[in-house]
Amino acid sequence: MSDSRKKKNKKLGLILLGEVLVLLILAVVFGWYYINSKLDVVVDSTNAEEKEKIDVSDAVTEVMTEKYKTIALFGLDTREGGDMNKAGTAHSDAIIIASINNETKEVKLASVYRDCFLEIAKSGAGTQKVTHAYILGGPTCSVETLNKNLDLNITDYVSVDFAALTKAIDALGGVTINVKSKELNNLNHNIQEQVQVTGIQSDGVWSDGEQLLNGTQATAYARIRKVGNGDFERTQRQRAVITAMIKKAKESDIVTLNKVLEEIVPLIATNLTKNEILSLAKNMFDYELTDNIGFPLSNTTPTLGNKGSVVVPADLISNVEHLHSFLYPEDDEYVPSSEVQRISAAITNETGVGDMFTEDKNTEEPTQTNSGN
């Protein structure tokens, strides 16, 4: 081959390489622009600024702040729309604390039962079911209630409603859930209500066993309450659906994930900044869901006059200690704050329920999230 032809081929190769690099750069820029434009819909700078004012516990340790990121997840019982960042919108049917280990990417989930009897972080609200915190003071009140009663340092939240969960699951192509025969009647009742609320049509579920559920069916499954051990088992179902969604997302291609993004971003409320969301997103495939549990682990369920049937921690101090050992297992410095001790004494004084924390607990033990439902 002549020298002139070699030079020509080399020049052509450099041009092709340059074109490929330009295309890659354009793809990256377009992807960044696209994701940012989507996040502009959900990220409210006012909410992000407000989170700096959220009260956290004085008992927060260095391990909690340096090694972990803790986020509150709220599933709202909205039926008529409304701003999920504001008070008066809805009760929080699902309250989940997600603890993310920044080093190992291990994620643990702790469900706080909606009827858990705690002191609401709003002047004059007193002790009530924790589900009321959201409708009384929005996500900020809910987050501060968790911090106040459980010695936490949560400043970030993500809230979704029925429609968001349904559309996200549909965009993923459904999720695999092991449905029990005793759950079928309530599941189909919830499906009918889901269709009325969201307008998203769905068939019923007519057989038990492991099967693929669409968004309406899976959301209805997560809302089953009057089967088994009431809200205790419902929180297990909620975590099972979240686990199945994350598993499906990690197996999905970019086209599917983009579809999920398009469907749910406009339906989410959060005070996470775009940089925080992008930081979490880039590690998505590294995160590993492990254990999950319900709070309070040791409890009793009395009826307290007009406050109704509640889940009373027995007692709050011992349950909070257990929660911390679950969420932050290597944290040897944590000691229950004087605030938790005060609230624990107040709850005992009001309900007559003291320390009943033993190995014979009346809710579920921590379970391996990835082992099924």
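Structure: see above.
Residues numbered from 1 in each chain as written. Predicted model: local features only at pLDDT ≥ 70, side-chain atom pairs only at ≥ 80, totals over all residues. Heavy atoms only, no water.

**Quick look at the overall build of the protein**
- Regarding its fold elements, the protein presents twelve helices and 13 strands.
- Out of the 373 residues belonging to the protein, those deemed buried represent 49%.
- Counting contacts in the protein only where the partners sit at least 6 residues apart, residues at least 24 apart contribute 76% of the total. (Helix = DSSP H or I, 4+ residues; strand = E, 2+ residues; numbered from the N terminus. Buried < 20%, exposed > 50% of the residue type's maximum accessible area, 1.4 Å probe, protein only. Contact = heavy atoms within 4.5 Å.)

**Some points on the side chain of N299**
- Within the secondary structure, N299 is located in strand 11 (residues 299–300).
- Relative accessible area serves as the criterion here: at 2%, N299 is assigned to the buried category.
- A distance of 3.0 Å separates a polar side-chain atom of N299 from the backbone oxygen of P296. (Polar contact = N/O pair within 3.5 Å; in protein donor to acceptor, adjacent residues only side chain to side chain.)

**Structural notes on the pattern of salt bridges**
- Applying the stated criterion across every chain yields a total of 19 salt bridges.
- One salt bridge connects K51 with E276, and the closest N-O pair in it is separated by 2.6 Å. Here the residue K51 occupies a position in the loop between helix 2 (45–50) and helix 3 (62–66), and E276 occupies one in helix 10 (residues 274–282), the gap between them amounting to 225 residues.
- In this structure K51 comes out as buried when scored by relative accessible area, which is 9%.
- The closest approach of N and O atoms between K129 and D115, which form a salt bridge, is 3.9 Å. (Salt bridge = Lys/Arg side-chain N within 4 Å of Asp/Glu carboxyl O.)

**Some remarks on the packing of helix 5 (residues 162–172) against helix 8 (residues 231–251)**
- Axis separation between helix 5 and helix 8 bottoms out at 10 Å; the angle between their running directions is 35°. When the axes of helix 5 and helix 8 are compared, the crossing they make is left-handed. Listed contacts from helix 8 to L165, A168, I169 and L172 of helix 5 are V241, M245, K248 and A249.
- Its residues assigned to classes, the contact of helix 5 with helix 8 comprises seven nonpolar, no polar and one charged. (Axes fitted to C-alpha atoms, helices over the stretch in contact; angles between N-to-C directions. Left-handed = near helix turned anticlockwise from the far one by under 90°. Nonpolar A, V, L, I, M, F, W, Y, C, P; charged D, E, K, R; others polar.)

**Topic: helix 9 (residues 254–264)**
- Three or more residues of helix 9 are buried, namely L257, V260 and I264. What you see down the axis of helix 9 is that its buried residues fit within an arc of 55°, all on one side. Projecting away from the buried face of helix 9 at angles above 90 degrees are the exposed residues I254 and V255.
- The N-cap of helix 9, judged by a side-chain oxygen 2.8 Å from the amide nitrogen of T256 a few residues on, is D253. (Arc of directions from axis to C-beta.)

**Observations regarding the pairing of strand 1 (residues 68–76)**
- Counting buried positions along strand 1 yields seven of nine residues, so the element is predominantly enclosed.
- As paired elements, strand 1 and strand 6 (residues 156–161) share six bridges and run parallel to each other. By the bridge assignment for strand 6, L73 is matched with V158. (Pairing = 2+ DSSP bridges.)

**Considering unusual backbone geometry**
- A cis amide bond links F295 with the next residue in sequence, P296, at an omega value of 0°.
- With respect to the helices and strands, P296 occurs in the loop between strand 10 (288–295) and strand 11.
- With an omega dihedral of -10°, the bond running from A314 to D315 counts as a cis peptide bond.
- Of note, the phi angle at K105 is positive, near 65°, even though the residue is not glycine.
- In this fold, K105 is placed in the loop between strand 2 (92–101) and strand 3 (106–112).
- A residue is classified by how much of its surface remains accessible, and K105, at 19% relative accessible area, is buried.
- One non-glycine residue, D151, adopts positive backbone phi at about 55°.
- Structurally, the position occupied by D151 is in the loop between helix 4 (132–150) and strand 6.

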